[in-house]
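# Structure assessment
Now for the letters of each chain:
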Amino acid sequence: MIAVPSPLRLSLDRDALVANWRWLAGQGGAAACGAALKADGYGLGARAVMRHLAAAGCRDFFVATWAEAAALTPLPAGVSLSVLHGVGDSDMIAARLLPARPVLNSIEQVRRWREAGEGRPCDVMVDTGINRLGLRVDEVLGGALDGLAVETLLSHLASADEDSDQNARQLAAFRALRDQVPARRYSLANSAGVCLGADYGFDLTRPGIALYGGTPRSEAAGHIRQVVFPAARVLQVRTVPAGETVGYGATWTAPRDSRIAVVNMGYADGYLRCHAGNGGATWQGRALPLVGRVSMDLIAFDASDAAGIGEGNWLDLDYDLPDVSARSGLSQYELLTGLGSRFERVWR
Ligand SMILES: *Cc1c(COP(=O)(O)O)cnc(C)c1O
């Protein structure tokens, strides 16, 4: 094998990841702080995230599917892994073989686990208002879980990133469940839920986006550090005379004789077309605005004010999540999970 250098890089800050986890752990009161690792650790690489957080003391991890669970084995010593989407018919072999437990989401999944789970532990999701996955409260209070050894009883907040009455309603519903449904632990809060206060912490919190640099609510601003720093190399710098245009559709016209840095990145890498008109990068402290449309694997920046820039230089993309989310209209989640496989992921 020859080592082929990539022109695209995600620099990933381990200290910032761990600091974010510690801050979130501190907000949850007495609750343990877990980590959501689905979608390959929100695009950072689930294995590395798990390794770094486990080394920092995190013990509870969550993925969406059994394929994601399989990709994480062997697990670091002493950690627990839960599969949020539970067990469908075709998952039972994986569920019996892998060192992970399902989060059962329906009467059907509970029946399946009772019949074929061989008495292994499970988690259970109860719906308190999001109506996505989970048993209904009346099903659970009606005895659907009787005799089942539930490790963690979960529910999920629908509107935790907003100041909505639904948060207090879901909190009250989950407290009532805790008082009536036996389980070893209870867990309600995602990142935004953690920011709602220690009342929402119960025994275990499950942040995702805030670990990775997202700010889910204003309470987290100033505490959450950026973790993901995309960078891309300049393929060439060209001179574009005043009045000429750049890119598909000729949407940008040079207002003066301009130096344009063309870079190895585009929408196929998750850098979507909605960054046009608001995206940017920096080189040696100088700001370079994105010009023209985003192509599949090329974008262009106005580098007229960046004297000395040339082929092979690395540009740092603007990727502070709350800021770029506000500018582009993409959610902080989309900004991370879309980052593609052409980025080399480098932890520092
Ligand atoms: C994704 C997810 C989380 C983490 O959510 P964030 O908003 O990223 O903190 C927690 N719990 C469940 C059930 C999830 O699906």
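Values in this document were obtained by computation on a predicted structure and should not be read as measured data. (Residues numbered from 1 in each chain as written. Predicted model: local features only at pLDDT ≥ 70, side-chain atom pairs only at ≥ 80, totals over all residues. Heavy atoms only, no water.)

What follows covers the nonpolar core. Counting residues in hydrophobic clusters, the biggest one holds 98 residues, and the most contacted among them are Phe61, Leu145, Leu153 and Ile309. In terms of domain composition, this core takes at least three residues from each of domain 1 (31–214) and domain 2 (228–347). The residues contacting Phe61, other than those within four sequence positions of it, are Ala35, Leu37, Met50, Leu53, Ala54, Val79, Ser80, Leu81 and Ser82. Formed by eight residues, the second largest nonpolar core is a distinct cluster that contains Val240, Ile260, Val291 and Ala300. (Core = buried A, V, L, I, M, F, W, Y, C linked by side-chain atoms within 4.5 Å. Buried < 20%, exposed > 50% of the residue type's maximum accessible area, 1.4 Å probe, protein only. Domains from an automatic or database assignment. Contact = heavy atoms within 4.5 Å.)

Glancing now at the site of the ligand. Surrounding the ligand, one finds 14 residues, the nearest of these being Lys38, Tyr42, Ser191, Gly208 and Tyr333. With respect to the ligand, the side chain of Ser191 contributes an N or O atom lying 2.6 Å from an oxygen atom. For the ligand, the accessible surface in isolation is 390 Å², of which the surrounding protein chains cover 93%. Of the residues belonging to the shell around the ligand, the class tally is seven nonpolar, four polar and three charged. (Near = heavy atom within 4 Å. Polar contact = N/O pair within 3.5 Å; in protein donor to acceptor, adjacent residues only side chain to side chain. Areas by Shrake-Rupley, 256 points an atom, 1.4 Å probe, with all protein chains shown as cover. Nonpolar A, V, L, I, M, F, W, Y, C, P; charged D, E, K, R; others polar.)

Moving on: helix H8 (residues 165–180). An ideal rise of 1.5 Å per residue puts 22 Å on 16 residues; H8 measures up with 23 Å between its terminal C-alpha atoms. Among the residues of H8, those classed as buried are Gln166, Asn167, Gln170, Leu171, Phe174 and Leu177. Angular distribution of buried residues about the axis of H8 spans 135°; they occupy a single face of the element. Facing away from the buried surface of H8 by more than 90 degrees, the exposed residues are Asp165, Arg169, Asp179 and Gln180. Where H8 is buried, its residues contact strand E7 (122–127), helix H7 (137–141), strand E9 (150–154) and strand E10 (185–187). Capping of H8 at its N-terminal end is provided by Ser164; its side-chain oxygen lies 3.0 Å from the backbone amide nitrogen of Gln166. (Helix = DSSP H or I, 4+ residues; strand = E, 2+ residues; numbered from the N terminus. Expected span 1.5 Å × (residues − 1). Arc of directions from axis to C-beta.)

On to the domain arrangement of the protein chain, then. According to the domain assignment, the protein chain contains domain 1 (31–214) and domain 2 (228–347). Each of domain 1 and domain 2 was reduced to a C-alpha centroid, and the two centroids are 38 Å apart. Between domain 1 and domain 2, the contact holds 11 residues from the first and nine residues from the second. Summing both partners gives a buried area of about 950 Å² for domain 1 against domain 2, and 68% of it is carried by carbon and sulfur. Together, Tyr42, Leu44 and Ile209 form the three largest contributors to the area buried by domain 1 at its contact with domain 2, with a combined 48%. Seen at the junction of domain 1 and domain 2, the total is one residue pair in polar contact (both at pLDDT 80 or more). Listed by contribution, the elements that provide at least two residues to the side of domain 1 that touches domain 2 are helix H2 (38–42) and helix H3 (46–56). Considering every element that reaches the side of domain 1 that touches domain 2, the biggest residue donor is H3, with three residues. Considering only residue class, the side of domain 1 that touches domain 2 consists of seven nonpolar, four polar and no charged. (Buried area = accessible area lost by both parts, 1.4 Å probe.)

Side chains of Tyr267, Leu272 and Met296 sit close together on the surface and give an oily, nonpolar patch of about 260 Å² of accessible area. The residue Tyr267 is located in the loop between strand E15 (258–263) and strand E16 (280–283) in this model. Take Tyr267: its relative accessible area is 34%, and that puts it in the partly exposed class. (Patch = residues over 30% accessible without salt bridge, like charges linked within 9 Å, V, L, I, M, F, W, Y side chains within 5 Å. Salt bridge = Lys/Arg side-chain N within 4 Å of Asp/Glu carboxyl O.)

Applying the stated rule across the entire model yields four aromatic pairs. For the pair Tyr42 and Tyr333, a centre-to-centre distance of 6.3 Å together with 40° between the ring planes defines the contact as tilted. Of this pair, Tyr42 sits in helix H2 while Tyr333 is found in helix H11 (residues 332–337), placing the two residues 291 residues apart along the sequence. A residue is classified by how much of its surface remains accessible, and Tyr42, at 6% relative accessible area, is buried. On the accessibility criterion, Tyr333 (38% relative accessible area) is partly exposed. Their ring planes at 85° and their centres at 4.9 Å tell us that Phe174 and Phe202 sit as a pair that is edge-to-face. (Phe/Tyr/Trp six-rings, centres within 6.5 Å; stacked < 30°, edge-to-face > 60°.)

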